[in-house]
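A closer look at the structure
Chain by chain, the residues:
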Amino acid sequence: MATEDLARSISRRMSMDASSDKIKWASASIREVFDSPGGDLFNQNGREEDEEDLKWAAIERLPTYNRLRHGMIKQVHEDGNVVHKTMDVSTLGVQDKKNFIESILRVVEEDNERLLRRVRDRTDRVGISIPKVEVRFQNLSVEGDAYIGSRSLPTLSNAFLNTIEEVLRMLRLASSMKKTVEILHKVNGVLKPSRLTLLLGPPGSGKTTLLKALAGVLEKDLRVAGQVTYCGHDMSEFIPQRTCAYISQHDLHHGELTVRETLDFSGRFLGVGTRYDLLSELSRREKDSGIKPDVEIDAFMKATALSGQHSSLVTDYVLKILGLDICADIMVGDVMRRGISGGQKKRVTTGEMLVGPAKVFFMDDISTGLDSSTTFQIVKYMRQMVHIMDEVTSRKDQEQYWYKKNETYHYVSVPEFVDQFASFHVGQRITDDLSVPYDRSQTHPAALVKERYGISNMELLKASFAREWLLMKRNSFLYIFKTFQITIMSIIAFTVFFKSEMPSGRAADGSKFFGALFFGLTNVMFNGAAELGLTLMRLPVFFKQRDSLFFPAWAFAIPIWVLRIPISVMESLIWTILTYYTIGFAPDATRFLCQLLAYVGVNQMALSLFRFIAAVSRIQVVSNSLGTFAMLLVLLLGGFIVAKDDIVSWMKWGYYISPLMYGQNAIAVNEFLDERWNDPNTDTRIDQPTVGKVLLASRGMFVDGYMYWICVFVLFAYSIFLNILFILALTYLNPFGSSKSVVDKDANTKKKNKSTDRSSASKAPLNKGVDMGVRNTPSFTSDKDNRRGMLLPFKPLSLAFEHVNYYVDMPPEMKSQGI
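Cut-offs used in this document
Residues numbered from 1 in each chain as written. Predicted model: local features only at pLDDT ≥ 70, side-chain atom pairs only at ≥ 80, totals over all residues. Heavy atoms only, no water. Helix = DSSP H or I, 4+ residues; strand = E, 2+ residues; numbered from the N terminus. Buried < 20%, exposed > 50% of the residue type's maximum accessible area, 1.4 Å probe, protein only. Contact = heavy atoms within 4.5 Å. Areas by Shrake-Rupley, 256 points an atom, 1.4 Å probe, with all protein chains shown as cover. Pairing = 2+ DSSP bridges. Axes fitted to C-alpha atoms, helices over the stretch in contact; angles between N-to-C directions. Patch = residues over 30% accessible without salt bridge, like charges linked within 9 Å, V, L, I, M, F, W, Y side chains within 5 Å. Salt bridge = Lys/Arg side-chain N within 4 Å of Asp/Glu carboxyl O. Parallel < 35°, antiparallel > 145°, perpendicular 65-115°, else oblique. Left-handed = near helix turned anticlockwise from the far one by under 90°. Core = buried A, V, L, I, M, F, W, Y, C linked by side-chain atoms within 4.5 Å. Expected span 1.5 Å × (residues − 1). UniProt positions renumbered as here; feature names shortened; annotations may be inferred. Phe/Tyr/Trp six-rings, centres within 6.5 Å; stacked < 30°, edge-to-face > 60°. Lys NZ or Arg CZ within 6 Å of the ring centre and 35° of its normal. Polar contact = N/O pair within 3.5 Å; in protein donor to acceptor, adjacent residues only side chain to side chain. Nonpolar A, V, L, I, M, F, W, Y, C, P; charged D, E, K, R; others polar.

Before going further, it helps to spend a moment on the overall build of the protein chain. Along the protein chain, the regular secondary structure elements total 30 helices and eight strands. Counting every position in the protein chain, which comprises 819 residues, the buried fraction comes to 41%. Within the protein chain, residue pairs in contact and separated by at least 24 positions form 77% of the contacts whose partners lie at least 6 positions apart. Taken as a whole, the protein chain presents about 46200 Å² of accessible surface, with 59% of it coming from carbon and sulfur.

Shown next, in the form of structure tokens:
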């Protein structure tokens, strides 16, 4: 109080006497008071606030671009003092991001809601509205064609019959035996903005189909009727995959990447959406209004609004709120690599979409496989609804929910449920909402996304190259093994075809050189066979991310193609260096380089061919069969196993389209047109002037030197052509569908018939909806007459276990620390 009275008296003195001397004296008096012993206790916060104001004023004076990238980050020194450091948020390191997230999210369950409220308060203070989306679906019906009964089982005979039937159907020689199966029938609903909606239903009830239909990612072979709108807009008016996100129940990820890298690349591909535009407008309004924002929230929003970052703060935020920060730097893993647990992988699937800018999330079975503590947060909100709504439409399980004990139970069919729900006040409210058209003029400009991809084409390529390079490094063992393999094979080759055993210059010597050239050609070609399995392994993740519009097919394919070129050169160089002079090919540096170039072209062609086969076949069994058939055909028509003149006339076209033929001709022409094969021809049966040309002509190969360059050009043209086909296959082909549920023939017939037979009790009107409850001792006698087929005897068994222990070995890193 004494300090306040002194400050007021000084202020009065300053107002009474405005001379400069008096003001200087008053200022000195103030400094003397607050600099005196004990005064620092009251002055420290003031100095910190002044320093913070000065730093913020410096940020405000920056140009708009720099202002939106600079913020104040709180740092805690070892002595406990807290300071705010001005820095470019785009340069935050990994540890800086971790520390920043830890400072604002100490306890996730409490601090996350507080953080989001602080963000919302900042936008509300300047009158910025957050984009919101309302989803409506009206009379939505989905149906597809499927085999019914035993014909739908995945047996060998069924697969053979299905293939024959499909071919005949395409030729219009037979009709399809598939039956129409209705998955959804005239479903109506409204998903209000800022709502969390729970979708419940038994397996096979169409939950996934409904979510995919609302997200716009439904399979192409399904027929859809009805209407789905976002803020009154049809799906053709915007890009639904960029506005919403469908989170699949299947966990498909690159096993070679860590959890952090998976989310980083996902966020990099998806972009930041409207975050940057929102921040720009927010900063402008605050500057005009003279409002100083919360420095932590300002830094958080700026760091999460930057696109093109190799690692974004959004990743650390999502890792924290999903509890994945403890495994952030562990590989995801797959069937061949040990990685994170199943529950953690399920959360990675969710986080992969949460790092993006989607405004609507359709989550399909996101709690499957989660541990009890994580699932509890979800289940506790579902519990009451589950008790009221379980599988009440199932003929088998429905009776246990019958509540009217004084009335005889009767089965209530799905159409009856639909009718009663429509007459219920909840159903009537939905009908009323749908009857009023959505006011499209009220749609926020940023609510619906109309750009197909989140970042530019150049940024897509940069991100794809970065990810492919990282995947190659994680699969370095494969490339090291391939290098070791071709080294061993080259040593074997020059041991078999050693120079001292390879005389040249005569026609009789040509067969050994043909064999050596062909052996080298096939080794260089088949060394690229690993590309088949590698591509197949990545296709499931590619199809998921392609359908979610992470990137187009060309952005995925071009980095693979380009980054394999150095590997082709290296493998071809190893083979040529170790075999060329040791076997005894033409001792000419130019011809050495020409053979190397031909082998590079052959290897590139082979890699492109294997990639294309993988993209077309899409599964391991088909790719192995198709790949083996293609390789045998290419080898047979390559010009060495069977000479061109020995091929039947109607198969000559196969010789000219075989890419291996051009490789064989290139290396043979390069070798046999050397000067040492220029001895005069003594064989009158072949009209060629030199021994080398006689050898080439005897195998039906080209005899002119310029054909070498044409053959090499064709090899690289094949590589380009096959990569284009690879891109087209990735663009237009879809993964093979998963196995479907077996549909009973009689059940499907009953489904078609909307009027079902009912007992006299079931014909009674239900005036106030279906009155259901839970009964602990259900009996199924009323449904006994409707059963069909044979009931198999079932004897219950008991399983006892005692003193079961489960141990997990301690990681070596923790053992070394004495744990």
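Structure shown, so let's carry the discussion forward.
As summarised here, the arrangement of the four strands in space is β4-β3-β5-β6, forming an open sheet in which the pairing is antiparallel. Bordering the open sheet on either side are β4 (179-191) and β6 (233-234), each of which pairs with just one other strand. Here seven bridges tie strand β3 (residues 135-146) to strand β5 (residues 223-230), and the two strands are oriented antiparallel to one another. Note that in β5 the partner of Glu-143 across the bridge is Arg-223. Where helix α8 (residues 207-215) meets the sheet, its contacts fall on β3, β4 and β5, and the angle it forms with β3 comes to roughly 120°.

This part takes up the environment of Cys-327. Considering the arrangement of structural elements, one finds Cys-327 in the loop between α13 (313-321) and α14 (342-354). For Cys-327, a relative accessible area of 2% gives the class buried. It is 8.5 Å that separates the C-alpha atoms of Cys-327 and Thr-258, two residues lying 69 residues apart in sequence. Beyond its immediate chain neighbours, meaning those up to four positions away, Cys-327 contacts Val-259, Ile-340 and Gln-344.

The next thing to look at is a nonpolar patch on the surface. Nonpolar side chains collect at one region of the surface, where Phe-160, Leu-161, Ile-164, Val-167, Leu-168, Leu-171 and Leu-173 lie side by side and expose about 670 Å² of accessible area between them. Along the chain, the position of Val-167 falls in helix α7 (residues 156-170).

Inspection of the secondary structure assignment puts Gln-545 in helix α21 (residues 530-547). Take Gln-545: its relative accessible area is 6%, and that puts it in the buried class. In this structure, Gln-545 is in contact with Glu-352, Arg-467, Phe-550 and Phe-551, ignoring residues within four places of it in sequence.

All right, on to the packing of helix α20 (residues 510-526) against helix α26 (residues 659-672) then. One can describe the packing of α20 onto α26 by two numbers: an axis separation of 10 Å at closest approach and a directional angle of 135°. By the angle between their axes, α20 is oblique relative to α26. Remark: the crossing between α20 and α26 carries right-handed chirality. Contacts from Gly-510, Phe-513, Phe-514, Leu-517, Phe-518, Leu-521 and Met-525 of α20 reach α26 at Leu-660, Gly-663, Gln-664, Ile-667, Ala-668, Glu-671 and Phe-672.

What follows deals with the nonpolar core. Counting 90 residues, the largest nonpolar core has Met-525, Phe-542, Phe-551, Phe-672, Leu-696 and Leu-730 as its most contacted members. A per-element tally of this core places helix α23 (residues 589-617) first, with 12 residues. Here Phe-551 is in contact with Phe-269, Tyr-453, Leu-460, Arg-467, Phe-542, Gln-545, Arg-546 and Phe-556, once residues within four sequence places are set aside.

Let's shift gears to helix α10 (residues 259-270). Compared with an ideal rise of 1.5 Å per residue, which puts 12 residues at 16 Å, α10 spans 17 Å between its outermost C-alpha atoms and is within 8% of the ideal. For α10, the tally of buried residues reaches 11 of 12 residues, placing the bulk of the element in the interior. Those residues of α10 that sit buried are Val-259, Arg-260, Glu-261, Thr-262, Leu-263, Asp-264, Phe-265, Ser-266, Arg-268, Phe-269 and Leu-270. In this fold, the buried residues of α10 make contact with α5 (94-104), α9 (240-243), α13, α14 and α18 (457-474). Once α10 finishes, Gly-271 follows within two positions and takes phi at roughly 80°, a positive value.

Turning our eyes to something else, we now look at the environment of Thr-579. Examined against the element boundaries, Thr-579 turns out to sit in helix α22 (residues 553-583). For the pair Thr-579 and Ile-491, spaced 88 residues apart in sequence, the C-alpha to C-alpha distance is 7.5 Å. Residue contacts for Thr-579: discarding those within four places in its chain leaves Ser-490, Ala-493, Phe-494, Gly-584 and Phe-585.

According to UniProt, the feature "transmembrane region" (unreviewed entry) maps to residues 477-498, 513-537, 549-567, 621-643 and 706-733 in the numbering used here. As a span, residues 477-498 carries 91% helix and 0% strand, and end to end its C-alpha atoms are 31 Å apart. Structurally, residues 513-537 comprises 88% helix and 0% strand, and the distance from its first C-alpha atom to its last is 39 Å.

Any pair of aromatic rings gets described here by the distance separating the centres and the angle formed by the planes. Counted by the stated rule, this structure contains 21 aromatic pairs. Their ring planes at 50° and their centres at 6.1 Å tell us that Phe-519 and Trp-575 sit as a pair that is tilted. With a gap of 56 residues between them, Phe-519 in helix α20 and Trp-575 in helix α22 connect regions that are remote in the sequence. For Phe-519, a relative accessible area of 26% gives the class partly exposed. With a relative accessible area of 3%, Trp-575 lands in the buried category. In textbook terms, an aromatic cluster arises when at least three aromatic residues are bridged by ring pairs, as seen for Phe-513, Phe-514, Tyr-580, Tyr-581, Phe-585, Phe-592, Phe-672 and Trp-677. One cation-aromatic arrangement involves Arg-699 over Phe-640; the distance from NZ or CZ to the ring centre is 5.8 Å.

Positive phi, close to 60°, is recorded for Arg-172, a residue that is not glycine. By secondary structure assignment, the location of Arg-172 is in the loop between α7 and β4. The exposure class of Arg-172 is exposed, given its relative accessible area of 78%. Within the chain, Lys-186 stands out as a residue other than glycine whose phi angle is a positive 50°. Tracing the chain through its elements places Lys-186 in strand β4.

This next bit is on the pairing of strand β7 (residues 244-247). The two faces of β7 match: Cys-244 and Tyr-246 on one face and Ala-245 and Ile-247 on the other face are all buried. Pairing of β7 with strand β8 (residues 360-363), which is carried by four bridges, proceeds in the parallel orientation. Paired with Tyr-246 across the strands is Phe-362, a residue of β8.

Enumeration according to the criterion identifies 37 salt bridges in this entry. When the shortest N-O distance is used, the salt bridge between Glu-143 and Arg-223 registers 3.4 Å. In this pair, Glu-143 sits in strand β3 while Arg-223 sits in strand β5, placing the two residues 80 residues apart along the sequence. Here Arg-260 makes a salt bridge to Asp-316, at a shortest N to O gap of 2.8 Å. Here Arg-260 is found in helix α10, whereas its partner Asp-316 is found in helix α13, with 56 residues between them in sequence. Here Asp-316 falls in the buried class, since its relative accessible area comes to 6%. One continuous salt-bridge network, built from bridges that share partners, spans Glu-468, Glu-531, Arg-538, Arg-564 and Arg-611.

The residue Arg-564 is located in helix α22 in this model. For Arg-564, the side chain forms a polar contact with the side chain of Glu-531, separated by 3.2 Å. Apart from the residues within four sequence positions on either side, Arg-564 is in contact with Glu-468, Met-472, Tyr-479, Glu-531, Leu-534, Arg-538, Gln-604, Leu-607 and Arg-611.

Turning next to the packing of α26 against helix α28 (residues 706-732). Where α26 contacts α28, the axes come no closer than 8 Å and their chain directions differ by 150°. Taken together, the axes of α26 and α28 are roughly antiparallel relative to one another. The two elements α26 and α28 cross, and the hand of that crossing is left-handed. Taking contact as the criterion, the partners of Pro-659, Tyr-662, Gly-663, Asn-665, Ala-666, Val-669 and Asn-670 in α26 are, on α28, Tyr-708, Cys-711, Val-712, Val-714, Leu-715 and Tyr-718. Tallied by class, the residues present in the contact of α26 with α28 amount to 10 nonpolar, three polar and no charged.

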